[in-house]
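# What the coordinates show
The chain contents come next:
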Amino acid sequence: MSDKNKKLFTTLALAAILALGAFLRFYELGASSIGNTYYAATVKSMLSSWSNFFFGSFEPGGSVTVDKPPLGFWVQTLSASILGVNGFSLALPNALAGLGSIALIYYLVKEQFNRGAGLIAALTLAIVPVTIATERNNTIDGLLVFVLLLAVWAVWKAVQSGKFRYLLLGAFIIGLGFNIKMLQAYMIIPAVYALYFFGAKQGWWTRIWHLGVATILLIAVSLSWAVAVDLVPA
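Residues numbered from 1 in each chain as written. Predicted model: local features only at pLDDT ≥ 70, side-chain atom pairs only at ≥ 80, totals over all residues. Heavy atoms only, no water.

## Some details on helix α10 (residues 189-199)
Threshold: The cut-offs for exposure are 20% and 50% of the maximum accessible area for each residue type, with area from a 1.4 Å probe on protein chains only; residues under the lower value are buried, those over the upper are exposed, and the others partly exposed. In this text, helices come from DSSP runs of H or I with a minimum length of four residues, and strands from runs of E with a minimum of two, each type numbered from the N-terminal end. As used here, the arc is the angular range of directions from the helix axis to the C-beta atoms. We call two residues in contact when some of their heavy atoms are within 4.5 Å.
Turning to α10, its buried residues number three or more, namely Ile 189, Val 192 and Tyr 196. Projected down its long axis, α10 carries its buried residues within an arc of 80 degrees, all on one side. Structural note: α10 exposes Pro 190, Ala 191 and Phe 198 on the side pointing more than 90 degrees away from its buried face. Tucked into the core, α10 has its buried residues touching α8 (141-161), α9 (164-181) and α11 (204-231).

## Structural notes on α9
Residues spaced three or four apart along an α-helix point in a common direction, a consequence of the helix completing one turn every 3.6 residues. Rules: Here the expected span of a helix is defined as 1.5 Å times the quantity of residues minus one.
Along its 18 residues, α9 runs 26 Å from first to last C-alpha, staying within 8% of the 26 Å computed at 1.5 Å per residue. Those residues of α9 lying buried are Tyr 166, Leu 167, Gly 170, Ala 171, Ile 173, Ile 174, Gly 175, Gly 177, Phe 178, Asn 179, Ile 180 and Lys 181. Close packing links the buried residues of α9 with α4 (71-83), α8, α10 and α11. Met 182 occupies a position one or two residues after α9 and carries a positive phi of about 55 degrees.

## Thoughts on the pattern of salt bridges
To keep it simple, the criterion reads: Every case where a carboxyl oxygen of Asp or Glu lies within 4 Å of a side-chain nitrogen of Lys or Arg is listed as a salt bridge.
The final tally for this structure, using the stated rule, is four salt bridges. Note that Glu 111 and Lys 110 form a salt bridge whose closest N and O atoms lie 3.4 Å from each other. In this structure Lys 110 comes out as partly exposed when scored by relative accessible area, which is 25%.

So, in structure tokens, the structure goes:
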């Protein structure tokens, strides 16, 4: 098979995998349930005022904050502001993030191995039942996975290109992940730090201070919302 035909086959196969992933995530999305009622109530409350939106208030009175930072719920609130508070609008960001994750995992694996391995990885992510289940509801795990895959892409780009800004981008994105689901976002830190430390083209001391600066940015972004909340008088 010529390289041109291989590329065509890969494109068609990836399109088919994405179509399958979309079907599994969007078919009757939200038709039978509003999802996690606690999070649904939070989004409804956040729609009632800008204060509730910023603080991630669980109830309209603004006295109780949801049990996670609000970034994932900000995305759901945007969806609900356009489509109304219902099962479809609340799950839609997760489902879209799931499709993005399928495309991202294909690209990341293809770059390291080959197109065939990328297709297998994408198909696996598209059909794994637990992934489908989490991306058909409003529990924000799909958004977290997508964000962390973006962070992996950025750190790998830093290793490949030797450009420090991509490492900073990766740290920034992981910080966003923290504001979706807290410490779960940090699970990838040992892997991505090791990737940069052992794989980057710069000297050892340069890699160390690069990672040090990236860590400062990571902490700053991670704690930005919490610090802003603490600085607001009661």
